[in-house]
Amino acid sequence: MPGVKELAYVVYEASDLADWEHFAVDLLGMQLAGKDDDLLRLRTDAKVHRWLVRRGPADDLVASGYAVEDEAALDALADRLAAAGVPVADGGASLAATRGVDRILVTTDPIGNRVELVSGLADADTAFHSDRLLGGFVTGEGGAGHQVLIAKGVPREDYLAFYQGLLGFRISDTIVEEVAPGVVADLIFLHCNPRHHSVAFGDMPHPASTHHFMLEVADIRDVGTAHDRCLEAGQPFEMTLGMHPNDHMFSFYVRTPSGFSVEYGWGGLLIDDATWRVRTLDRLNNWGHLPPEVVADRLARAAGTDHGDHR
Ligand SMILES: [Fe+2]
């Protein structure tokens, strides 16, 4: 079944584009592809852009662009959505130009996320260049990265019917962990290419539609230097360094100027569908990924400078 082949780009709406430019370019090492008063375009590879950040009050994800192989695949996907009764509209030439694609269809997933289905995301005229990175970002066949979205109480079978049944994603695994007494994190991870997941869904208390976007770097030293830059800049962390048991990503989580997070990682697992077995895991992290206040507390205890009542 031809379906989407990659998460091609994301569109965020942000109230402070200057902060976002500093965050994305100076701290994360992305390349500024272009900007005006209302839009930042950011590159992570040879493509014309991978993140679009437009001015607005949402401070959230406002669209996800999923690419298919070619225009025939786009037509087939449109037919499949229409046959399933899912409204899908042609985005038109103007939107296609803004997104840097040949053609664009617009639909909405069962959670309410705007989904853009595209063909022909353009290459940039110049090679990717970052003033910050020793290596580059890992994209290519695996697309721009991965994102974790909030299910907002929508039943899993409903959004799987869309992402698995219509768009052609495959289940990678699920993780169910009681993260606090009576609080269960239950996430499902989906792939559409060898990257372990391009999108994942979970229900958790969270103000935005997206929990995080994951940027993967090719050189592990770039995780360390980005970690240093974010610390030095005082950018708030959600979680310090750690590793996930399913995709093996070595990563940290830093908050964007909009409040949701970027996972900055290295070493993500690739899936071979011929041999992959879907599993349910019982923990989100092998080690690390601690909230910064927990790390600060433990360091203070170790240093003997903490006089609080911790046992
Ligand atoms: Fe992630």
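Residues numbered from 1 in each chain as written. Predicted model: local features only at pLDDT ≥ 70, side-chain atom pairs only at ≥ 80, totals over all residues. Heavy atoms only, no water.

An unreviewed UniProt entry lists the chain under the name Iron-dependent extradiol dioxygenase, with Embleya hyalina given as the organism. Taken directly from UniProt, the Cofactor (unreviewed entry) text for the chain runs: "Fe(2+)". In its Sequence similarities (unreviewed entry) section, UniProt records this for the chain: "Belongs to the extradiol ring-cleavage dioxygenase family." (UniProt positions renumbered as here; feature names shortened; annotations may be inferred.)

Asks: What is the right way to look at the overall build of the chain in this model?
Replies: Scanning the chain from terminus to terminus reveals six helices and 18 strands. Computed over C-alpha atoms, the radius of gyration of the chain comes to 19 Å, within 12% of the 19 Å expected from 2.2 N^0.38 for 311 residues, which places it in the range of a compact globule. Put simply, the chain has 311 residues, and 50% of those count as buried. Of the accessible surface of the chain, which amounts to about 13,500 Å², a share of 53% is contributed by carbon and sulfur atoms. Side chains of the chain carry 26 positive and 47 negative charges; the gap between the two charge centres is 2 Å. (Helix = DSSP H or I, 4+ residues; strand = E, 2+ residues; numbered from the N terminus. Rg over C-alpha atoms; globule rule 2.2 N^0.38 Å. Buried < 20%, exposed > 50% of the residue type's maximum accessible area, 1.4 Å probe, protein only. Areas by Shrake-Rupley, 256 points an atom, 1.4 Å probe, with all protein chains shown as cover. Lys, Arg positive; Asp, Glu negative; His and termini not counted. Charge placed at Lys NZ, Arg CZ, Asp CG, Glu CD.)

Asks: Where do I start with the pattern of salt bridges in this structure?
Replies: Between side chains of opposite charge, a pair can form as their charged atoms come close. Going through the model one piece at a time under the given rule, you end up with 18 salt bridges. The salt bridge involving R103 is made with E71; its shortest N-O contact spans 3.3 Å. Of this pair, R103 sits in strand β7 (residues 103–108) while E71 sits in helix α2 (residues 71–83), and the two are 32 residues apart along the sequence. Accessibility expressed as a relative area gives 21% for R103, which makes it partly exposed. Here D186 ties to R156 by a salt bridge, and the two come within 3.0 Å at their closest N and O atoms. Of this pair, D186 sits in strand β11 (residues 183–191) while R156 sits in helix α4 (residues 156–163), placing them 30 residues apart in sequence. For R156, a relative accessible area of 24% gives the class partly exposed. Taken together, the shared-partner salt bridges connect K5, E6, D45 and R50 into one network. (Salt bridge = Lys/Arg side-chain N within 4 Å of Asp/Glu carboxyl O.)

Asks: Teacher, can you tell me more about the coordination of the iron ion here?
Replies: In an ideal octahedron of six donors the angles at the metal are 90 or 180 degrees, and in an ideal tetrahedron of four donors they are 109.5 degrees. Taken together, H146 (NE2), H212 (NE2) and E263 (OE) make up the protein donors of the iron ion, found 2.0 to 2.1 Å from the metal. Positions of the donor residues of the iron ion, expressed as sequence spacing, correspond to H-x65-H-x50-E. Pair noted here: H212 is in strand β13 (residues 210–217) and E263 is in strand β16 (residues 261–266), with a separation of 51 residues, a long-range link. The same class applies to H212 as to E263, namely buried. (Donors = N, O, S within 2.8 Å, 3.2 Å for Na, K, Ca; no water.)

Asks: Looking at this structure, I do not really get the sheet that holds strand β3 (residues 39–43). What am I missing?
Replies: One open sheet accounts for eight strands, arranged β2-β3-β4-β1-β5-β8-β7-β6; its pairing is mixed. Taken across any chain shown, the strands that pair with only one partner, and hence form the sheet edges, are β2 (31–36) and β6 (89–90). Of the pairings in the sheet, the one linking β6 to β7 comprises two bridges and is antiparallel in character. For A89, the partnering residue across the bridge sits in β7 and is V106. (Pairing = 2+ DSSP bridges.)

Asks: Got a minute to help me understand the sheet that holds strand β14 (residues 237–243) in this structure?
Replies: Within a sheet, adjacent strands bond to each other through the backbone by hydrogen bonds, running parallel or antiparallel. Pairing within the open sheet is mixed, and its ten strands lie in the order β17-β10-β11-β12-β9-β13-β16-β15-β14-β18. With one partner strand each, in any of the chains shown, β17 (279–281) and β18 (287–288) form the two edges of the open sheet.

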